[in-house]
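# A closer look at the structure
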Amino acid sequence: MVSLAQHPEQLLRAAVSGSVKRYAGKAVYLYAFDVAYEMARLPVKELLGHSVAQFSVDASKRSPKQLFFYRPQMVRLPPLERIGPRGPVRLERVIKLLPVGAVSITVSVPFEVTQIEDLVAYHDLQFSNGALHHEVRHLAEEVCRELAPYLVRPIVHLAEEEAYTVFCIESPLLTREGTALSAEDWLKVHRREVASLLTQEPDIDHLSKQEAEESTGRYLSYYEHDLVVMDWDAALIMDDPQHFDETLYVMELANLQLAELEAYDRILDEALERSYRDLGERPLRRRGDVLRELREIRVDLARLSDELSNITKFFGDWHLARIYENISARFHLADWHRTIDEKLKTLDNLYQLLQHDQTNRWMLILEATIVLLFVIDLVLLFVGLKG
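Basis of the calculations
- Residues numbered from 1 in each chain as written.
- Predicted model: local features only at pLDDT ≥ 70, side-chain atom pairs only at ≥ 80, totals over all residues.
- Heavy atoms only, no water.
- Helix = DSSP H or I, 4+ residues; strand = E, 2+ residues; numbered from the N terminus.
- Buried < 20%, exposed > 50% of the residue type's maximum accessible area, 1.4 Å probe, protein only.
- Contact = heavy atoms within 4.5 Å.
- Salt bridge = Lys/Arg side-chain N within 4 Å of Asp/Glu carboxyl O.
- Phe/Tyr/Trp six-rings, centres within 6.5 Å; stacked < 30°, edge-to-face > 60°.
- Pairing = 2+ DSSP bridges.
- Axes fitted to C-alpha atoms, helices over the stretch in contact; angles between N-to-C directions.
- Core = buried A, V, L, I, M, F, W, Y, C linked by side-chain atoms within 4.5 Å.
- pLDDT = per-residue confidence, 0-100.

### Observations concerning the overall build of the chain
The secondary structure content of the chain amounts to ten helices and 15 strands. Within the chain, the fraction of its 387 residues that count as buried is 46%. The contacts of the chain with a sequence gap of at least 6 include a subset with a gap of at least 24, amounting to 74%.

### Re the environment of Leu-272
Along the chain, Leu-272 turns up in helix 7 (residues 244-280). For Leu-272, the contacting residues outside a window of four places in its chain are Lys-343, Thr-346, Leu-347 and Leu-350.

### Section: the pattern of salt bridges
Taken as a whole and judged by the stated rule, the model has twelve salt bridges. Glu-81 is the salt-bridge partner of Arg-90, the closest N and O atoms lying 3.2 Å from each other. According to the relative accessible area criterion, Arg-90 is partly exposed, its value standing at 39%. Members of the salt-bridge network, linked through shared partners, are Glu-81, Arg-90 and Glu-92.

### Section: the packing of aromatic side chains
Applying the stated criterion across every chain, the model contains five aromatic pairs. Geometrically, the ring pair formed by Phe-111 and Tyr-122 is tilted, given 6.0 Å between the ring centres and 55° between the ring planes. In this pair, Phe-111 sits in strand 8 (residues 102-113) while Tyr-122 sits in the loop between strand 8 and strand 9 (126-127), placing the two residues eleven residues apart along the sequence. In this pair, the class of Phe-111 matches that of Tyr-122, namely buried.

### A closer look at the sheet that holds strand 8
The nine strands lie next to each other as 5-6-7-8-1-12-15-14-13, forming an open sheet whose pairing is mixed. Of all strands in the sheet, those with a lone pairing partner are strand 5 (53-54) and strand 13 (219-220), marking the two edges. Two elements, strand 12 (residues 162-170) and strand 15 (residues 234-239), share six bridges in a ladder whose sense is parallel. Looking at the pairing, Ile-169 lines up with Met-238 of strand 15. Helix 3 (residues 132-146) rests against strand 1 (23-34), strand 6 (73-84), strand 7 (87-98) and strand 8 of the sheet, and its axis sits at about 45° to strand 1. Running over the sheet, helix 5 (residues 191-198) touches strand 12, strand 14 (227-230) and strand 15 and is turned about 130° from strand 15.

### Quick word on the nonpolar core
Formed by 54 residues in total, the largest nonpolar core has its most connected members in Tyr-29, Ile-95, Ile-105, Tyr-122, Leu-132, Leu-147 and Trp-186. Contact partners of Ile-105, with chain neighbours within four places excluded, come to Tyr-29, Leu-30, Tyr-31, Phe-33, Val-94, Ile-95, Val-136, Leu-139 and Ala-140. Core analysis: the second largest hydrophobic core is formed by 34 residues, Ile-237, Leu-248, Met-251 and Tyr-324 among them.

### Remarks on the pairing of strand 1
For strand 1, the tally of buried residues reaches eleven of twelve residues, placing the bulk of the element in the interior. Bridge count for strand 1 against strand 8 is twelve bridges, and the pairing is antiparallel. Following the sheet pairing, Ala-32 is matched in strand 8 by Ser-104.

### Digging into the pairing of strand 8
With ten of its twelve residues buried, strand 8 lies for the most part within the structure. In this structure, strand 7 lies alongside strand 8, joined through seven bridges in antiparallel fashion. Its bridge partner being in strand 8, Arg-93 is matched across the sheet by Val-107. As consecutive antiparallel partners, strand 7 and strand 8 are separated by three residues, and within that stretch Gly-101 has a phi angle of approximately 85°, a positive value.

### Some thoughts on unusual backbone geometry
Backbone torsion omega between Ser-171 and Pro-172 reads 5°, so that peptide bond is classified as cis. With phi around 60°, Gln-200 is a residue other than glycine that occupies positive phi space. Within the element layout of this structure, Gln-200 appears in the loop between helix 5 and helix 6 (209-215).

### A word on the side chain of Ser-182
Mapping Ser-182 onto the fold places it in the loop between strand 12 and helix 4 (183-189). Beyond its immediate stretch of four places on either side in the chain, Ser-182 contacts Glu-224 and His-225.

### A few points about the confidence of the model for the chain
Predicted coordinates in areas of low pLDDT are best not read in detail. Looking at the chain, the pLDDT average stands at 81 and 82% of residues meet or exceed 70. In this model residues 1-6 is a low-confidence stretch, pLDDT under 50, and it forms three contacts with partners more than four residues away in sequence or in other chains.

Here is the structure:
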């Protein structure tokens, strides 16, 4: 008894470990696709034969009364039946359309397990007829074909999607005796199991203590029985089912932002490569064309960057803002922004260099023209005097 009193962590583990009756909830798979330069600002009335509606998030104490979430167009597809790792599963699919030329596809799969380790099989979900990843990609291609009239400069071949997995567990967790457990106390005891789930590591004992602490280091809790643990490839939400959507939507927007930043980065890489090539080659292609292309890219990316920021405005100390701040840190969104800003500055310097070069050429031509006119004037004057 004295030993346990001297080690409160052991007492906590003895009270919590192995006492949870079951874990029920759903695994949510977020897929973000960059499909076009942008989408036309026209309402899409129907997609894949189903009506398109406006997405909305209910307000709660964990968010401001006046929500300023961006509300994309969305369509909820009929559920599908598949054979998953633990038998038949029912897939719920939702598609969201964003004006920045992105499509988000969310797939939800319910689960009920007795141990957290059992959820590792849901991380990379495999069906009897193939992987969820391939099925979602096929769906994204269908969406692109149908949205063709709304897409401005669509992507010819879809790039690799940005995927994120979220395990949503219904709370409160109950012991076999029916007692509700604190979410934070449960995490302290099951930290290694949660880290193993988020990193998709089947062997819990193989994971180091340092990695377990790193993977679960960014967690937030608002009430006694809710919890959000975020890692770079997956997250765990423990909450009342009615509050899942608001947290999931914050993560979905951050995932979309990451996908679009990666797309912007690829566009800038291609533009810089062309610019360096144009500067190094002799003869250059028409400088006017190069300047026009650089000017258009600078303006387009600046505008798209503003629009991307407008759909992810999360400021303040309210709970959802802190969730966005933490998941942004996991995705290194600030680093992506800095990288793109530096490339835009490089592009701007190249533009200024070419602009000055072109100005100097025009000044040289102008000076040569003035000299030529002066010479012609002298010749005419000389001929006139001689006559």
